[in-house]
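# Structural features, examined
Here's the letter readout for the chains.
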Amino acid sequence: MINVIVSPLCPSAVTPGSYVPPSVDKMTAAVLSGSGHPVALELEHALGFTPLLQGLAVYPNPSGFHDAAHIAYGCGQLVIINNLNDRHEQRLLRGHDAPVTCLDISAKGSFIASGQRASVDRSVPFVIWDFATGQPTQRVLTTHQGHVDVVRYSPDEGMIATTGAEGSLCVWDAITGTKVASFQDTVSGDAARSVCWGPVEHSGTRNQKYTLYVAFSTGVRFFTLQFSVKTLSFQMQSVTCQVPGAGGRMGGFVRKYLCSGKTAHGDMVCGTTSGDVVVFSCASATYRTALTLCANGVVGLCVVHKYDCVIIGGGDGVIQKIAGKGDQWSVLQKTRVQGHVCTMSCSADEEEVYIMTDAGHIYRMLCRDMTLCLASEAPLSGLTDVSIPSDRTDWFASASKDGVVRVWDLSEYSIVCQFTVASSAVGQPAPIGSMKHTPSMNGNAAASRMTGSAVSDAPTPTSVAFDTPSSVICSGWSDGRIRGLQIVPGNPWAQLLWTIPNAHKGRVHSLRVSKLYYLSAGDDSSLRVWSRNRDLVAQTQDHKQPVVACLIDNTSDTIVHSVSLDMSLASYDLTKVDMAVSAPRRIAFKSDVQAGAFTCLAQRRDHERECVVGTQEGSILFFDIDAERPVMRISDAQRSKITALEVSPNGRWLVGGLSDGSIVVYELFADSGNRCQLVLQALCHSAGVARCAWTADGRQVVSAGNDGELIIWNFYDASETLDASSQQRVVPAAAEGGTAKASLEKSASVTRR
């Protein structure tokens, strides 16, 4: 009889539905493992961002502690502050329990405000952070529904304006977090996508007056917010900007507004979903003119006072510089970026514009001549696999649903090279800034995210594994092919080396490589073995549903294992193959119908031929090849699906990824072999974890999320010295439990048979 003890969830940095501002003590705390050694998991770096209309902010003071190259943006549940001049300088702010939807930095650079989607309790908060320390100072619960669309500081840092999905505008006291005034449109859902503050009049007096310019989906309104001595409160009044024509709920032609900005000439310039730029007079709230500039809408707009121009970003990837005033405007210059523009923001000195696209790019563009430079790149579509070579610790490869295989430099957080089927077929994309229209690297997938259209049938990578040497990568694809890729030094594009056509019917879920052969698992319920010449050597048909993971036994290259959604684990001896049907001898077949579908597979290094299997129902099963039933079982109290498992190189630690975005670390006891223990859990991904992998030295873990985030973790055990000055430490199990001893009493303890 197996004694099973349910594992409670360890506290994490952000627990869904609750808010605990991280403290320095909690960030630097360490957990004692079962053997008494301290262990810790440190959030080292995050690659990726969330493409949002209001998802980019620039530090406003170039002469202060930070310069104009520091930008802030959302990445899942994180707020990231990056220095574009130094990729190693990154701060990760954790305090949200749902994905970040918008953010802004105050005019003096003292604070950051960031909104989010609704929490699990349906509350819709925004968080105020101290910029210098990175610590949250307030969590303000709003009356918005669904999510916060816009959060914007007033010029004096005294007020914060927010809008929500239900179409309301709220103004909050930035110090106390209390609501000062609000406005609700007569039609629910008329969301406001952009808010601009005007100058503050009579600041610090009893006649203090604010002006707001708000672009709702169907119209533009100007608001005044003035303190009333009579009521001892702020009073809000609004004026609707009229447009020509007989139609529309607001007295004119219908436009849905996405972005806006106020020029020095007193014009309000607004971008629309139809690709128009509509100009209003701020003094009279009247329509002046409209210019049709972009396809797929005007989604980004920056007013550059220094050069007396407006930079427009379109959903078609075209960037345009326009200038003028009143009803007289002209286009001065054009350029193009890869992908669809998501958002734009101007540097504090107004020399540069930072542009985010849904191709995963962040560009720096000079306002003077519109020269473009690619500053950063990351996958935005869901990741499907991640792999780290066994012969080096400074590289890893990722596969993502945007159709790209990328090889990353772990020391520089930069892309070494990448590969797409489109790039191998039609050549490399046009140079940055070229007006020649070429598909972006994730062209069809990007278009589908912006327009809601169906994703094309272009193949996407579903699995990836480094070969030996690590200059060759094996990749499995959604079209059933296996493609070998050659990394060429100095070439940003990997070259197609060879292809195995029709390796599987449907997706290739998993790939493993040995010196003798390639091992693949696919949608067609088969496990296949290929020679180094890419000839089919053996195949199995024992599984009845897709084979989602496979591995080569760490004691012998001739033993392989596979798991399937049919709740089974199979093991095979490749030295004994039935040549009539090319089927290897099956030496073990395990199943557990109570655990649900098997989803991932790993192997212990301290026990001979013992496989570790993750399941749909949240269990981790330990199967000995010689035992009929699982010899050990770990069950999650909240039954989160286990999506990834990987054993550390020294065999002592098991890292797992969960469908709720959590990373868990278990200690595997090799001395007695009778138990394992949950020691760490961290929640940073805003969607499920697709894969996780250890570096060859066991000091880092790379986790890949279905949200497109790549997160690099530093892992410390007793041999490492914890850096007490770190402010990016994940809250370990002991941090919120009070003591390490209390944490150990709560953590998983599972008895082996």
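From a predicted model like this one, the values you see are computed outputs, not experimental measurements.

### Quick word on the environment of Leu 212
Looking at the element boundaries, Leu 212 is found in strand 17 (residues 209-216). Look at Leu 212 and you get buried, because its relative accessible area is 0%. Leu 212 sits 10 residues away from Phe 222 along the chain, and the two C-alpha atoms are 5.8 Å apart.

### Some remarks on the pattern of salt bridges
Evaluated as defined, the whole model comprises 18 salt bridges. We note a salt bridge from Asp 542 to Arg 586, for which the minimum N-O separation is 3.7 Å. With Asp 542 in the loop between strand 43 (536-540) and strand 44 (547-552) and Arg 586 in strand 47 (residues 583-591), this residue pair connects regions lying 44 residues apart in the sequence. The exposure class assigned to Asp 542 is partly exposed, which follows from its relative accessible area of 27%. Each of Asp 592, Arg 629 and Arg 633 takes part in salt bridges that share partners, so that together they form one network.

### As for the sheet that holds strand 34 (residues 405-409)
Pairing is antiparallel in the open sheet, where four strands are placed in the order 32-33-34-35. Single-partner strands in this sheet number two, and they are strand 32 (383-387) and strand 35 (414-419). Taken over all neighbouring pairs, the strand axes of this sheet differ in orientation by 25° on average, direction set aside. Two elements, strand 34 and strand 35, share five bridges in a ladder whose sense is antiparallel. What sits directly across from Arg 406, in strand 35, is Gln 418.

### Things to note about the state of the cysteines
Evaluated as defined, the whole model comprises zero disulfides. Not engaged in a disulfide, the cysteine Cys 259 finds its nearest cysteine sulfur in Cys 270; these two sulfurs lie 8.0 Å apart. Residue classification places Cys 259 among the buried residues on the basis of a relative accessible area of 6%. The cysteine Cys 684 is free of any disulfide, with Cys 75 supplying the nearest cysteine sulfur at 9.5 Å. Classification of Cys 684 as buried rests on a relative accessible area of 1%.

What counts, and at which threshold
- Residues numbered from 1 in each chain as written.
- Predicted model: local features only at pLDDT ≥ 70, side-chain atom pairs only at ≥ 80, totals over all residues.
- Heavy atoms only, no water.
- Helix = DSSP H or I, 4+ residues; strand = E, 2+ residues; numbered from the N terminus.
- Buried < 20%, exposed > 50% of the residue type's maximum accessible area, 1.4 Å probe, protein only.
- Salt bridge = Lys/Arg side-chain N within 4 Å of Asp/Glu carboxyl O.
- Pairing = 2+ DSSP bridges.
- Axes fitted to C-alpha atoms, helices over the stretch in contact; angles between N-to-C directions.
- Disulfide = S-S within 2.5 Å.

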